[in-house]
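# Geometric and topological summary
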Amino acid sequence: MVTATLLVSGCTETVDDQDNLNNEEIETETISIDDITDIKWQWSGLIETEPASQFVVPDPENYTLIFNSDGTYSLKADCNIGSGSYTLEKSDLTLSPGPMTLMYCGSDSLDSQYLSLLNNVATITIENDQLVLGTGENGDRMLFVKEESSIENNDGAEALNSFNGTISSLEDGDTYPMFLLESEEINSSGYTNGIKFVISNETVIVDPNGGLFDAENLREGMNVRVFFGPALTRSIPPIGQAELILMK
């Protein structure tokens, strides 16, 4: 009887230890939004399982991904840029595609492969300061590294901000045209006089169907979503550089 009791006790401890180990693994796998947002992640490589191989992206800075705290993301796929929304639950990640420019980036571009992989992302982990996105059912993994400026100072990462609003006025600036964007969303963020955005040669404007839109066709009263860099002037209203404008 004593021997039997000891054996049962030993089995119980083993089960308890296994439960504790499983709990620790679950906690390790849980990813917080704070771990991934406001960082410019650069696609650096792909690990495939069938057949087993590892691919190194030649120009990581051309394939980026930025998660915003409001559940949206923005990306660069070589010569194209776009945005969408994401859902994160523990280590499960789903990326829902949104408006995207559709320019041809050349025969050597990896833009199509990059976008295809992102559409099939299912899991997310952080390993050795790398972002790892699991894709498909084969266990393939996309590897991302932080942009150097993000590593040096996370607050200085070039994450894009965005606002929805209505174009209330258009004007010719000293070098580039500008427009004033107004909305309740902007007011509640402290910009009661709206925000002026510069439309430069680098600004991409996308129509609701994903095609390019000519800046000369912008009109007062149009509803848009503007993605812009973190820097705004201290003027009233403040002025920022529009990187991406999505027509609604």
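Residues numbered from 1 in each chain as written. Predicted model: local features only at pLDDT ≥ 70, side-chain atom pairs only at ≥ 80, totals over all residues. Heavy atoms only, no water.

Turning to helix H3 (residues 111–119), its buried residues number three or more, namely Asp111, Tyr114, Leu117 and Leu118. Projected down its long axis, H3 carries its buried residues within an arc of 135 degrees, all on one side. (Buried < 20%, exposed > 50% of the residue type's maximum accessible area, 1.4 Å probe, protein only. Helix = DSSP H or I, 4+ residues; strand = E, 2+ residues; numbered from the N terminus. Arc of directions from axis to C-beta.)

A full pass over the atoms with the stated rule returns five salt bridges. Taking the shortest distance from any N to any O, the salt bridge between Lys146 and Asp129 comes out at 3.5 Å. One end of the pair, Lys146, is in strand E9 (residues 140–146); the other, Asp129, is in the loop between strand E7 (121–127) and strand E8 (130–135), with 17 residues separating them in the sequence. (Salt bridge = Lys/Arg side-chain N within 4 Å of Asp/Glu carboxyl O.)

With that settled, consider the confidence of the model for the chain. The share of residues in the chain with pLDDT of 70 or more is 83%, and the mean pLDDT across the chain is 83. The secondary-structure element of the chain with the lowest mean pLDDT is helix H1 (residues 2–29), recorded at 44, while strand E11 (residues 177–182) shows the highest, at 96. Of the regions scoring below 50 in pLDDT, residues 150–157 engages in 11 contacts with residues more than four places distant in sequence or in other chains. (pLDDT = per-residue confidence, 0-100. Contact = heavy atoms within 4.5 Å.)

This next bit is on the environment of Pro177. Position of Pro177 relative to the elements: it lies in strand E11. Between the alpha carbons of Pro177 and Glu216 there is a distance of 9.3 Å; along the sequence they are 39 residues apart. Beyond its immediate stretch of four places on either side in the chain, Pro177 contacts Glu171, Asp172, Phe197, Val198 and Ile199.

Position of Arg225 relative to the elements: it lies in strand E14 (residues 223–228). Given a relative accessible area of 16%, Arg225 falls into the buried group. Reaching out from Arg225, the side chain makes a polar contact with the side chain of Ser162 at a distance of 3.0 Å. Setting aside residues up to four positions removed in sequence, Arg225 forms contacts with Asp70, Thr72, Ser162, Phe163, Asn164, Leu244, Ile245, Leu246 and Lys248. (Polar contact = N/O pair within 3.5 Å; in protein donor to acceptor, adjacent residues only side chain to side chain.)

This brings us to the nonpolar core. Counting residues in hydrophobic clusters, the biggest one holds 27 residues, and the most contacted among them are Trp43, Phe67, Leu118, Leu133, Met142 and Phe144. Listing elements by their share of this core, those giving two or more residues are strand E1 (40–49), strand E3 (63–67), strand E4 (72–77), strand E6 (92–100), H3, E7, E8 and E9. Those residues within four positions of Met142 in sequence are excluded, and the remaining contacts are Trp43, Gly45, Leu46, Tyr114, Leu117, Leu118, Val121, Leu131, Val132, Leu133 and Thr135. Of all hydrophobic cores here, the second largest spans 16 residues; its members include Ile167, Phe197, Val226 and Ile245. (Core = buried A, V, L, I, M, F, W, Y, C linked by side-chain atoms within 4.5 Å.)

A few words on the pairing of strand E10 (residues 161–172). In regular strands, side chains alternate between the two faces of the sheet. Inspection of the sheet shows E10 paired to E14 by six bridges, in the antiparallel sense. The residue bridging Phe163 from the neighbouring strand is Val226, located in E14. Across six bridges, the pairing between E10 and E11 is antiparallel. Its bridge partner being in E11, Leu170 is matched across the sheet by Phe179. Between E10 and E11, which pair antiparallel in sequence order, lie four residues. (Pairing = 2+ DSSP bridges.)

This part takes up the side chain of Lys196. Here Lys196 lies in strand E12 (residues 195–198). Only 2.9 Å separates the side chain of Lys196 from the side chain of Glu171, close enough to count as a polar contact. In contact with Lys196, other than residues within four places in its own chain, are Glu171, Met178, Phe179, Leu180, Pro237, Pro238, Ile239 and Gly240.

Time to look at unusual backbone geometry. Residue Pro51 is reached from Glu50 by a cis peptide bond, and omega for that bond is -10 degrees. Mapped onto the elements of the fold, Pro51 is located in the loop between E1 and strand E2 (52–56). Cis geometry is found at the peptide bond from Ile236 to Pro237, where omega equals -5 degrees. Its identity is not glycine, yet Asp78 carries a phi of approximately 60 degrees, on the positive side. Its place among the elements puts Asp78 in the loop between E4 and strand E5 (80–89). Although it is not a glycine, Lys90 adopts a positive phi angle of roughly 60 degrees.

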